[in-house]
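Results of the structural survey
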Amino acid sequence: TRAVTKELMDLGLHKEFDRRGGVRYHKRLWSCQHSKRSFTWQSRFFIPECTPNDEAKAIVEKKLGDMGGFDQQSWGDNDVLDYSNVRPALVSHPETKELVWCNHSNHNHKSWYEDIYDFTDPTEGTPFHTTFANNEPIPAALIETIRSVLWKNSCVVKMRTGDVMLLDNMLCAH
């Protein structure tokens, strides 16, 4: 991540996020009552399927409030839950105190689901999406630059049965 951070900072990408308040992470969860998708708000928030809908929604809203940081949430047609939070693009490592590029702006971006993976139907939206914190779209070219820098600085680790790997998630960007 140090090489990634340096390269992205040299390109000035962090400034694009900073001047717009960071990265907004949009999440969309469908209701098990209206969708066959495997990841529903009932499963995410451990709501038994027999719970009446109004009660279930109140539980979810309380859990989101208790978790903190989710500044936008709404219920849509067919009980789709949309919620979001904002995080910075660069964060201070808790041990070394260095700034590191530690965000999911690239692989939580809707293009990951629309263009790269076939496992989800994006016609009803994608389970995740990122924008700048002020809700401006992140330009496709910027997302592609981030992905390119990350791949360029990636390495393969061949694991064998019995291997254990410990890593610093902030410094490895797994």
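See the structure above.
What you see is a predicted model; the values in this text were computed from it and never measured.

**Overview of helix 4 (residues 53-67)**
Two residues of an α-helix separated by three or four positions point the same way, owing to the 3.6 residues in each turn. Across its 15 residues, helix 4 extends 21 Å between first and last C-alpha, which sits within 8% of the 21 Å expected from 1.5 Å per residue. Along helix 4, the residues classified as buried are Ala56, Lys57, Val60 and Leu64. The buried residues of helix 4 occupy one face: seen down the axis, they fall within an arc of 100°. Facing away from the buried side of helix 4 by more than 90 degrees, the exposed set consists of Asp54, Lys62, Gly65 and Asp66.

**Things to note about the nonpolar core**
Val4, Leu8, Phe17, Trp101, Ile138, Leu142 and Ile146 are the most contacted members of the largest nonpolar core, which has 16 residues in total. Elements that contribute at least two residues to this core include exactly helix 1 (2-10), helix 2 (13-18), strand 1 (23-29) and helix 6 (140-152). Per element, the largest residue contribution to this core is five residues, and it comes from helix 6. Among residues more than four places away in sequence, those in contact with leucine 8 are Leu13, His14, Trp101, Ile146 and Val149. Membership of the second largest hydrophobic core comes to 10 residues, among which are Leu29, Phe45, Ile47 and Val60.

Reading the values: rules and limits
Residues numbered from 1 in each chain as written. Predicted model: local features only at pLDDT ≥ 70, side-chain atom pairs only at ≥ 80, totals over all residues. Heavy atoms only, no water. Helix = DSSP H or I, 4+ residues; strand = E, 2+ residues; numbered from the N terminus. Expected span 1.5 Å × (residues − 1). Buried < 20%, exposed > 50% of the residue type's maximum accessible area, 1.4 Å probe, protein only. Arc of directions from axis to C-beta. Core = buried A, V, L, I, M, F, W, Y, C linked by side-chain atoms within 4.5 Å. Contact = heavy atoms within 4.5 Å.

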